[in-house]
Amino acid sequence: PGTRPEVIVNTCTKISEIISSAEVTKVRQALIGERGGALIPLMEMLETRDHTALTHVLRVVNQLVGQKDLALESDVYAGEHFHQNMALVGLIPAVLKFASLRYPPTIRLQAAAFVRSLSFASVSSQQSLVACGGLPVLALLMATPFQAEGRSIVITAIDCVEKVLEIKTETRQSMKNDLSRLFCKFGMLKPLTLRLYDVVSAATNNPNSPNNPNNPNSPNSPDPSIDQSNNNDNGSNTSSPGNPSNP
């Protein structure tokens, strides 16, 4: 915790280069193997108060969590087991706290990416996310103002909510009712409604959006092969007893 921010940044840069150049399974093995235990120092680096250093640490965590694993599913160091180890040592809740609105968008974007990685992973990883407090965190992400960097956070939150509602257990094929009630309890309903409205409004106002009727490629746009002016003229030429043009 007392390490200088520049040291943390340099360390994370080197770790990131190793992850990018090596098979992610081997890196995970080094972190959670018998001689590993490097997840704890990674958690300790998250205690820094320097936002630049904190962003670098979160990027390393997301590299480890988000990269696809080439190992067999039975491999103890496959992604699912790695996520379980993160939950066991407390790394998942340690990262989730950075979704708070009191952190800058750069840090919250990394927290949102972390939530997305777990939401789109195995059922076990999704369950670990929920068990570690992922539902109120999704509500926090959903409450982000829909502007600038907030757009990416909101869209990520919407995608994650959809995936979380698909969680199944060994005894139940659907947890949707229970999870929906919990989402409402954590105040998800109002921000979800507002953000969905923001997304639709942004898509409609975007000139390149297929939802914009002014886009020539939109299914709602008028057919250019139809002469709208002729239609209007035909409608205006309807004969009436008081019309001088009526024979």
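Keep in mind the model is a prediction, meaning the values are calculated, not measured.

(A) Here's a closer look at the overall build of the protein. The secondary structure content of the protein amounts to 13 helices and zero strands. By residue count, 36% of the 247 residues in the protein fall in the buried class. For the protein, long-range pairs separated by at least 24 residues make up 64% of all intrachain contacts whose partners lie at least 6 apart in sequence. Of the roughly 14500 Å² of accessible surface on the protein, 53% is carried by carbon and sulfur atoms.

(B) Expanded view of the confidence of the model for the protein. Mean pLDDT over the protein: 79, with 72% of residues reaching 70 or higher. Mean pLDDT in the protein bottoms out at helix α13 (residues 228-236), which sits at 48, and peaks at helix α9 (residues 134-142), which reaches 95. When the criterion is pLDDT under 50, residues 68-78 qualifies, and its contacts beyond four places in sequence or with other chains add up to 22 contacts. Every residue in residues 218-224 scores below 50 in pLDDT, and together they form 13 contacts with partners more than four places removed in sequence or on other chains.

(C) Fine view of the packing of aromatic side chains. Under the counting rule described, the total for this entry stands at one aromatic pair. For the ring pair phenylalanine 98 and tyrosine 103, a centre distance of 5.1 Å and an interplane angle of 65° mean the geometry is edge-to-face. Looking at phenylalanine 98, the relative accessible area reads 2%, which means it is buried. On the accessibility criterion, tyrosine 103 (14% relative accessible area) is buried.

(D) Structural view of the nonpolar core. The biggest cluster of nonpolar side chains holds 54 residues, and the ones touching the most others in it are Leu46, Met86, Phe114, Leu138 and Leu141. With eight residues, helix α4 (residues 51-66) is the largest single contributor of residues to this core. With sequence-adjacent residues up to four places away left out, leucine 46 is seen in contact with Leu54, Val57, Leu58, Leu91, Ala94, Val95 and Phe98.

Basis of the calculations
- Residues numbered from 1 in each chain as written.
- Predicted model: local features only at pLDDT ≥ 70, side-chain atom pairs only at ≥ 80, totals over all residues.
- Heavy atoms only, no water.
- Helix = DSSP H or I, 4+ residues; strand = E, 2+ residues; numbered from the N terminus.
- Buried < 20%, exposed > 50% of the residue type's maximum accessible area, 1.4 Å probe, protein only.
- Contact = heavy atoms within 4.5 Å.
- Areas by Shrake-Rupley, 256 points an atom, 1.4 Å probe, with all protein chains shown as cover.
- pLDDT = per-residue confidence, 0-100.
- Phe/Tyr/Trp six-rings, centres within 6.5 Å; stacked < 30°, edge-to-face > 60°.
- Core = buried A, V, L, I, M, F, W, Y, C linked by side-chain atoms within 4.5 Å.

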